[in-house]
Amino acid sequence: MAKPLPKKQQQKIAQERIYTLFQQAEKMFSKDRALAHRYVSLARKVAMKVKARIPAEFKRRYCKYCYRFLMPGINSRIRTRGGKVIISCLECKKFMRIPLR
Ligand SMILES: [Zn+2]
C-alpha cells in the first residue's frame, strides 16, 4: 500500500479541491441550484476529512446554518452595519455576522 501523504500536503490538496468546488458551485448556481448546494457540502466534507480550513473568501459564500451556496442578490443579502458585514441567508432566513477588519 502506498504511504499516505503528509498531513500538510493532504490539506493543500484539500484546499485546492475546495477552491474548485466553490468555483463550480458559482458556475452551476444559475443552472442548477441543488447542484451548487451539493458542491458546498462536498467541499465541507473534503475540508473536514483532513481538517483543512475553508478559505475565508468562501466562508461568506455559504450559509453556516443550512450550508447552501449563497449568491449575493439572489439568495443572500449583504449589508454592513456597525463595522460588521451581515449576510442574510434567504433560504433559511438566518443571518451571519462577520467583523470587518
Ligand atoms: Zn441558510
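Relevant structure appears above.
Predicted model, so just to flag it, every value in this text is computed and none were measured.

About the thresholds
- Residues numbered from 1 in each chain as written.
- Predicted model: local features only at pLDDT ≥ 70, side-chain atom pairs only at ≥ 80, totals over all residues.
- Heavy atoms only, no water.
- Helix = DSSP H or I, 4+ residues; strand = E, 2+ residues; numbered from the N terminus.
- Areas by Shrake-Rupley, 256 points an atom, 1.4 Å probe, with all protein chains shown as cover.
- Contact = heavy atoms within 4.5 Å.
- Salt bridge = Lys/Arg side-chain N within 4 Å of Asp/Glu carboxyl O.
- Donors = N, O, S within 2.8 Å, 3.2 Å for Na, K, Ca; no water.
- Tetrahedral: all angles 85-135°; square planar, octahedral: opposite > 155°, others 65-115°.
- Buried < 20%, exposed > 50% of the residue type's maximum accessible area, 1.4 Å probe, protein only.

Caption draft 1: The arrangement of the overall build of the protein chain in detail. Check the secondary structure of the protein chain and you find three helices and three strands. Along the protein chain, helices and strands appear, N-terminal first, in the series α-α-α-β-β-β. Along the first, second and third principal axes, the C-alpha atoms of the protein chain reach 50 × 35 × 20 Å. Carbon and sulfur atoms form 53% of the exposed surface of the protein chain, whose accessible area is close to 7400 Å².

Caption draft 2: Up close: the side chain of arginine 61. Considering the arrangement of structural elements, one finds arginine 61 in the loop between helix H3 (56-59) and strand S1 (76-81). Arginine 61 has contacts with Phe22, Glu26, Arg68, Phe69, Leu70, Met71 and Pro72, leaving out every residue within four places of it along the chain.

Caption draft 3: Region of interest: the pattern of salt bridges. Under the defined criterion, the tally for this structure stands at four salt bridges. A salt bridge links glutamate 91 to arginine 33, with the shortest nitrogen-to-oxygen separation between them at 3.7 Å. Highlighted residues: glutamate 91 in the loop between strand S2 (84-89) and strand S3 (95-99) and arginine 33 in helix H2 (residues 33-49), separated in sequence by 58 residues. Between arginine 68 and glutamate 91 there is a salt bridge, with its nearest N and O atoms 3.9 Å apart. Here arginine 68 is found in the loop between H3 and S1, whereas its partner glutamate 91 is found in the loop between S2 and S3, with 23 residues between them in sequence.

Caption draft 4: Focus on the coordination of the zinc ion. Taken together, the protein donors to the zinc ion comprise Cys63 (SG), Cys66 (SG), Cys89 (SG) and Cys92 (SG), at separations of 2.2 to 2.3 Å. Its four donor atoms give the zinc ion angles of 103 to 113° at the centre, a pattern that matches the tetrahedral case. Take cysteine 89: its relative accessible area is 1%, and that puts it in the buried class. Residue classification places cysteine 92 among the partly exposed residues on the basis of a relative accessible area of 26%.

Don't take any of this as a statement about function, it's just geometry.
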